[in-house]
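# An overview of the molecular structure
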Amino acid sequence: MATGMSTKRVLIAGLFHETHTFLEGTTGMKDFAVLRGDEILRCEGDSSPLGGALECAREFGWEVVPTVDFRATPSAIVEDEVVETFWDELAARIPQGEPAPLDAVYLVLHGAMTSQSHRDVTGEILARLRQWIGAAVPVFGVFDLHANFTQRMADSANCLVAYRENPHADARQAAVITVRLLQRTLKTGEVPRMFWQHPPLVWPPTGVGTADDPMRALEGLARELEEESPEFWAVSVCAGFAFADTP
């Protein structure tokens with residue numbers, strides 16, 4: 001990894017789909033908007049989480065390694081071809097060699113993506129990525145408040161931060177928060193880890209607006225924990241996506 005005042009090299013990728021598993025049919029490659037390589041850089045400064053992350057990366061002087069970004073609107077179960085194509089294209093763009101050519105990975109995720117073979121696509125991709133790059137490279141990212149978060153996601157990443165508002169008026173802001181946390185790691189060498197707690201609750205998507213309880217109170221408590229407990233870099237409340245027959 002880079003040391004001292006050298007430029008930090010950060011890989012950026014995105015995978016975004018909210019899968020409604022009770023719908024008929026499937027969601028295939030034709031349904032996804034795909035950005036590859038330098039096409040991703042054109043999003044810098046726009047209103048998206050990716051745009052916010054890229055703008056903040058420039059502020060910190062990172063060397064961005066743009067890889068691939070797949071996204072589609074909420075729809076039916078995703079075809080396995082999409083997952084494997086995403087992974088193949090991502091893996092092909094991950095720099096290899098010695099010394100380690102990456103200082104970190106930053107991901108723009110949803111967290112409620114399901115395919116024909118993988119009930120937890122995000123966890124599957126994160127696990128593959130961790131195995132590919134090794135344990136030493138920090139993995140940070142932003143994800144949707146409606147994610148169906150899993151232990152596998154927590155185990156395979158260092159710091160994933162959820163949106164804090166629903167409707168998602170703060171998606172870009174949440175991405176910037178995570179970039180700033182990654183900069184903290186790159187500057188200080190402190191590397192966080194994730195803790196995940198899954199209460200036995202399922203709320204319908206219509207009941208998880210953050211302007212009302214229970215989410216308003218829970219998000220307020222999360223901010224209090226961040227302020228009162230310096231060891232917590234970020235506290236996220238996952239409302240989940242109940243229109244999915246997944247853990």
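Everything that follows concerns the structure shown earlier in this document.
Described below are features of the structure shown in this document. The structure presented is a predicted model; accordingly, all values stated were derived computationally and were not measured.

### Structural notes on the overall build of the chain
Helix and strand content of the chain: six helices and six strands. Traced from its N-terminal end to its C-terminal end, the chain shows the element sequence β-β-α-β-α-β-α-β-α-β-α-α. Its C-alpha radius of gyration of 17 Å places the chain within 12% of the 18 Å reference for a compact globule of 247 residues. Viewed in the frame of its principal axes, the chain has a C-alpha envelope of about 50 × 45 × 30 Å. Counting all 247 residues of the chain, 53% fall into the buried class. Considering only residue pairs separated by 6 or more positions, the chain has 77% of its internal contacts joining residues 24 or more positions apart. For the chain, the accessible area works out to roughly 11800 Å², and carbon and sulfur atoms hold 53% of it.

### Notes on the packing of aromatic side chains
Taken as a whole and assessed by the stated rule, the structure comprises six aromatic pairs. Residues Phe-241 and Phe-243 carry aromatic rings whose centres are separated by 5.7 Å and whose planes lie at 75° to one another, so their mutual orientation is edge-to-face. When its relative accessible area of 7% is taken as the criterion, Phe-241 is described as buried. In this structure Phe-243 comes out as partly exposed when scored by relative accessible area, which is 36%. Through successive ring pairs, a cluster of aromatic residues spans Phe-32, Phe-70 and Phe-86. Geometry around Trp-233 places Arg-184 over its ring, the cationic atom sitting 3.8 Å from the centre.

### Some thoughts on the pattern of salt bridges
Enumeration according to the criterion identifies 16 salt bridges in this entry. The partner of Arg-36 in a salt bridge is Glu-89, and the shortest N-O contact between them spans 2.6 Å. Placement of the pair is Arg-36 in strand 2 (residues 33-36) and Glu-89 in helix 2 (residues 80-92), with a sequence separation of 53 residues. Classification of Arg-36 as partly exposed rests on a relative accessible area of 33%. Residue Arg-152 pairs with Glu-124 through a salt bridge whose shortest N-O separation is 2.8 Å. Pair noted here: Arg-152 is in helix 4 (residues 151-156) and Glu-124 is in helix 3 (residues 121-133), with a separation of 28 residues, a long-range link. Look at the salt bridges and you will find they share partners, linking Glu-84, Glu-124, Arg-128 and Arg-152 into a network.

### Focus: the side chain of Thr-27
Along the polypeptide, Thr-27 turns up in the loop between strand 1 (9-16) and strand 2. Residues in contact with Thr-27, not counting those within four places in the same chain, are His-17, Phe-32, Ser-75, Ala-76, Ile-77, Val-78, Glu-79 and Val-82.

### Quick word on the packing of helix 2 against helix 3
For any two helices packed against each other, the geometry is given by the interaxial angle and the distance between the axes. At their nearest, the axes of helix 2 and helix 3 sit 11 Å apart, and the two run at 25° to each other. By the angle between their directions, the pair helix 2 and helix 3 is classed as roughly parallel. Relative to helix 3, helix 2 is oriented so that their crossing is right-handed. Along the contact surface, helix 2 presents Val-83, Glu-84, Phe-86, Trp-87 and Ala-91, while helix 3 presents Val-121, Ile-125, Arg-128, Leu-129 and Trp-132. When grouped by side-chain class, the residues that make up the contact of helix 2 with helix 3 number eight nonpolar, no polar and two charged.

### So, the side chain of Thr-21
Positionally, Thr-21 belongs in the loop between strand 1 and strand 2. By relative accessible area, Thr-21 is classed as buried at 15%. A polar contact of 2.7 Å, which involves the side chain of Thr-21, links it to the backbone nitrogen of Asp-245.

Rules of the game
- Counting restarts for each chain: residues are numbered from 1 in the order of the written sequence.
- A pLDDT threshold of at least 70 governs which residues receive local features in this predicted model, and a stricter bar of 80 or more applies before side-chain atom pairs are shown or counted, although totals over entire chains, interfaces and linings include all residues.
- Excluding hydrogens and water, the side-chain values take into account all heavy atoms of the structure.
- By the criteria applied, helices consist of DSSP H or I runs no shorter than four residues and strands consist of E runs no shorter than two, each listed in order from the N terminus.
- The quantity called the radius of gyration is restricted to C-alpha atoms. Its globule counterpart is 2.2 Å times the number of residues to the power 0.38.
- Burial classes: relative accessible area under 20% of the type maximum marks a residue as buried, over 50% as exposed, and values in between as partly exposed (1.4 Å probe, protein chains only).
- By definition in these notes, contact holds between two residues if any of their heavy atoms fall within 4.5 Å.
- Only the protein chains shown count as cover for residues, and all accessible areas are computed by the Shrake-Rupley method using a 1.4 Å probe.
- Any Phe, Tyr or Trp ring, taking Trp's six-membered ring, that has another such ring centre within 6.5 Å forms a pair; planes under 30 degrees apart are called stacked, those over 60 apart edge-to-face, and the others tilted.
- The rule for a charge over a ring is simple: NZ of Lys or CZ of Arg within 6 Å of the ring centre, and within 35 degrees of the ring normal.
- Salt bridges, as used here, are contacts in which a Lys or Arg side-chain nitrogen is within 4 Å of a carboxyl oxygen on Asp or Glu.
- Only C-alpha atoms enter the line fits that serve as axes; for helices the fit covers just the stretch in contact. Angles between N-to-C directions range over 0 to 180 degrees.
- Oblique is the label for every angle not falling under 35 degrees (roughly parallel), over 145 degrees (roughly antiparallel), or within 65 to 115 degrees (roughly perpendicular).
- By definition, any crossing whose near helix is turned counterclockwise from its far helix by less than a right angle is left-handed, and any crossing with a clockwise turn is right-handed.
- Residues are grouped as follows: nonpolar covers Ala, Val, Leu, Ile, Met, Phe, Trp, Tyr, Cys and Pro; charged covers Asp, Glu, Lys and Arg; every other residue, Gly included, is treated as polar.
- Here a polar contact means two N or O atoms within 3.5 Å. Within protein one must be a hydrogen donor candidate and the other an acceptor candidate, and residues neighboring in sequence count only if both atoms are side-chain atoms.

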